[in-house]
Every structure is written in C-alpha cells, then in structure tokens.
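Structure assessment
Listed below, chain by chain, are the residues.
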Amino acid sequence: MDHARRAVFRHGMPRVREWAVWSLPRPLLALWFVVTCGYLAWIAARAADFHFRPRDLVLFAALVACGAFSVEMTRRGRASEPAGVVKDVYAVWELPVVFLLPGLYALIVPAIRLTLTQWRVRRAPVYKRVYTVAAIGIAYGCARLVYTGALPATYDPRTYLVSHTATWLMAAGAAAVTQWAVNQGLILAVLKLENPSAGVKEQLFSKETLQNDATELCAALLVAVGMTISEFTLIIALPLTTLLQRSFWHAQLLTEARADAKTGLLNAATWEREASAEVARAVRTFSPLAVALLDLDRFKRINDTYGHLAGDEVLRTIADTMSAVLREYDLAGRFGGEEFVMLLPQTRAPDAFRIADRVRAHIARLPIVTPAGEPVSVTVSIGVAALDAGSSRELPELLAAADAALYRAKASGRDQVQMISTSRGLSAVGPGDDSNSAAALFWQGGPRQAAASVLQLPADANQDPDGSDSTAPTSAFAV
C-alpha cells in the first residue's frame, strides 16, 4: 500500500502541478476555486436529500436529448463554436429542468451539455469549461431557490399552474431573470479580472445580445408552461427552437463578417466603408473629424521572443483597450498585422490629439502576460490627421496624412503621437519628455506636401497638450 501511495504521489502530483489552471493570475485562480468549490458543495448538499423517481429521470433524459440535439446542430451548422462568450438556445431546454424537476437535476444539466460540447464541437481548456459549468450550475441553483421560494411548499405543478397562472408565471419569470443575472455576473467578474480594460458591453449588454437573451428566456418559459401541461410539448418545441437557434447564428455570422477574427474590431473593409461615409458626412455638414493610425513598436521582437501566440494575445489586449478608451461612436478597426486605425467623428484637432495620447498612455501601462506567464511591455506610435470644420478632404487623403505623422512618430523615438491638421499641427511627446514648444503645421495642397512639411520639423519641436492619463483599464475565460 505504501509503495502504491508513493507511486501515485510521484507520478500523479507532477501532472496536477502541470494543470493549466495554475498559470492563472491569483485573483482569477481564487475566483475559479471559489466558484468551482461552491458548485461542487451545492451538488453534494442536494444529493444528500435526493429521491430518485423513474418519471423524473425520463423527463430529464428527454430534455437532455433536446439539448444534445442543439449541440449537434451547432457542430453541423457552424465550422466551430466561437471562442469567448457564446450565445445560444440551451436555456430553452435547461430552464424547464429548474421548474419541473428536483434541484439536483438543474445543477448537473450544464455539466452534461458542456461535456458533450467539449467532445463534439470544440475543445477548450478544461479549466475554462469547468468554470463555465460551475457558473451556469450556480445560476440554475439560484433560479431554483427563487422559484420554490415564491410558491407553496407542497404543490402539484400542473394543478397550481391552472389555478394560479399569474403567480406561477411571475415566479418562473423571476427565476429566469435571476438565472440570467447570476450567470452574467459570474462571466463579468472573470472578464474584468482577466482583462480590466475589456469592453464587456458589446459581449454581454449590447442591444442585440439583450434581445437574444430575452427571446431565449421567453422561449424557455413557454416550453416550461407547455411541458407542465403535457410532456408532448417537446414535439412542437423542438422545431421552433431549431429555427430560433438558426436566427441567432445568422446574427452572429453577420457580426463576424464585419469583425476582424483575431481582435474583434472592425475589419479593414468594413472600417473603410463606414469611415468613408463618416468623412463624407463631416464634409457635408462642416463638422470636425480625425483619423488616427496606431502601430505597435517593435512587434516583430515580441513574436520572435515570446512566440506568435503571445503576439496574438498582445493584439487582442490592444484591441480591448482601444474599445474601452474610445467613445461609443468612434470607429476602431484593424488594418492588418500590428496596425490599427481609429476614426473620431465630431472631434477637433486638440481633442483628437488628447484621445490618441490617452490610448497610447493606457497601452504603455498594460499588464500584458504571455500564455507562459511572462510579462510583456508594449508601446505604440500613433499618427493623427484632423479634418477641421469646413475643410474638404476624402478618407484616402486623411489616411495618407496620418501615415506621414505615424512615420515621424516612429522616426522620433516611438511611444508618442504626431498629428497633422488642416490648419494646425501638434506633436506629442513620449514618456519623460518635458518639452512644451509648439510646432506649427499647415496643410499645403494635400497629404504629400503635408507629409513633407511634418517630416522637416526638428525632433525637439514637440508639444505636450495636457498629459492626461488614468490607470489602464485591460478578456475571456468563459466559453
């Protein structure tokens, strides 16, 4: 026996120590342990007073089978499950478990579904799947507590639904909202701990996302009402839910067609199309506008030193930071490689400079960590071109001017902002430069002459506008 124990310790413990979960930052690791252990403890508590009934098992198996069909639809309908926060229709089959079956079933149903997803659709890191299972299970457990707390202790669901329909619907609706709120809260916690500057609004609280969530919860309530009356409701619910799932995919595919796959920002074609329309509108309405080109400094060195996976993580973090710092109506996109682009509508030249410098300062302070746990320091150079009110330029001209300003930012030492305006110019300073001298730039006939004039400025002709900064706000553990 002692020999076997030593063998287990010698061969098993190193494998435990090699689990990917240990590479998480301490706050994330603590959250993972609290949520996972709380979920397992809740299952153990519910199992202690569980009473098996064959009829319950048959109903549970039918709902799980419908969920498995939805998983299989995901595998066949898409090339793969998208990474990050996933929106689908599984709650349509899992929320009825909360209302119609003992609490233990509600706790374990997400574990069955996500195990099948891991096997059939996409393999994700196991610790991520475990956290997702625990978060969804806890959300269903909380929904069960709200539902049972709002109804009499002993009741027959079918009889109570017929005699107290309004009360039943309010209890079920409150439980569904509780499930959504708890699940969103646990996802939000891990997103913010992993990347404080992550733009979670588009992932969790955008108008389209909230509409999809509301539709899913309403469909789940209708299925629960129908199944309380008759289990044969599943025959009608399955094709309708399939159509709902396809409509969700359609919305997701439209979003993916607009977005850069690696960063989630607008891809180059979409950004250029929307930016061209904004520039034309600004010229027509005599409104100010600015375009900024952002390029990572010495990005090839990061790829060569830490590997391309680390480089991809840097790109994603930069994109999240841009989304967090920019305003809702600004357009951020990826032009390819390590180059990003921003369009700032209704923005005068000094304000455009300040916004670009704020983005630069946030990125310079990002706590980026590679998958291997090594910290990476990243800086960016930004070139800005401003279209003053009353000026008449097109997007290619603004991009050419911004590119000229970016070139000078690189040539002047990197980690700084340079700007060209149709009537004035500003040149940013990198960290530690205290110069305050002004640089006067004038647009002289187009981007090529503007580029020439900006490149002829002396390197010390820099102006530090206000130096405004804040701690860096820095995406997704839930799958």
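Residues numbered from 1 in each chain as written. Predicted model: local features only at pLDDT ≥ 70, side-chain atom pairs only at ≥ 80, totals over all residues. Heavy atoms only, no water.

**Remarks on the nonpolar core**
- Core analysis: the biggest nonpolar cluster contains 59 residues, and Trp93, Leu95, Phe99, Tyr131, Tyr140, Tyr147 and Trp168 have the highest contact counts within it.
- Ranked by the residues each element gives to this core, the list is headed by helix α6 (residues 126-150), at 10 residues.
- Not counting chain neighbours up to four residues away, the residues in contact with leucine 95 comprise Tyr140, Ala176, Gln179, Leu217 and Ala220.
- With 35 residues, the next largest nonpolar core counts Leu294, Ala352, Val384 and Met419 among its residues. (Core = buried A, V, L, I, M, F, W, Y, C linked by side-chain atoms within 4.5 Å. Buried < 20%, exposed > 50% of the residue type's maximum accessible area, 1.4 Å probe, protein only. Helix = DSSP H or I, 4+ residues; strand = E, 2+ residues; numbered from the N terminus. Contact = heavy atoms within 4.5 Å.)

**Side note on the packing of helix α5 (residues 103-120) against α6**
- It is at 8 Å that the axes of α5 and α6 come closest, and there the two elements cross at 155 degrees. Accordingly, the angle class assigned to the pair α5 and α6 is roughly antiparallel. Between α5 and α6 lies a crossing whose hand is right-handed. Here α5 contributes Gly103, Ala106, Leu107, Val109, Pro110, Ala111, Arg113, Leu114, Thr117 and Gln118 to the contact with α6, which in turn contributes Val126, Arg129, Thr132, Val133, Ile136, Gly137, Tyr140, Gly141 and Arg144. (Axes fitted to C-alpha atoms, helices over the stretch in contact; angles between N-to-C directions. Parallel < 35°, antiparallel > 145°, perpendicular 65-115°, else oblique. Left-handed = near helix turned anticlockwise from the far one by under 90°.)

**Description of the layout of surface pockets**
- Estimates place the volume of the second largest pocket at around 700 Å³.
- Residue lining of the second largest pocket: 25 residues in total, with Arg53, Leu100, Leu101, Pro102 and Pro157 positioned closest to the centre.
- Looking at the lining of the second largest pocket, the elements with two or more residues in it are α3 (54-77), α4 (91-100), α5, α6, α7 (157-163) and α10 (207-229).
- Here the element with the most residues in the lining of the second largest pocket is α3; it accounts for three residues.
- Here the lining of the second largest pocket is built from residues that sort into 11 nonpolar, five polar and nine charged. (1 Å grid on protein atoms, 1.4 Å probe; cavity = no way out; pocket = protein on both sides within 12 Å on 5 of 7 lines; lining within 4 Å. Points joined across faces, edges and corners; volume = space filled by probe spheres on them. Nonpolar A, V, L, I, M, F, W, Y, C, P; charged D, E, K, R; others polar.)

**Some details on the pairing of strand β6 (residues 380-387)**
- With eight of eight residues buried, β6 lies mostly within the body of the structure.
- Neither face of β6 is left uncovered, since the one carrying Val380, Ile382, Val384 and Ala386 and the one carrying Ser381, Gly383, Ala385 and Leu387 both have all their residues buried.

**Details of the environment of tyrosine 131**
- As for its placement among the helices and strands, tyrosine 131 is situated in helix α6.
- On a C-alpha basis, the gap between tyrosine 131 and threonine 36 in space is 6.3 Å, while along the polypeptide they are 95 residues apart.

**Regarding the environment of glutamine 184**
- Its location among the elements puts glutamine 184 in helix α8 (residues 165-194).
- In the structure, glutamine 184 is positioned 45 residues away from alanine 139 in sequence and 9.0 Å away in space, judged by C-alpha atoms.

Without other data, these values stay purely geometric and don't point to any function.
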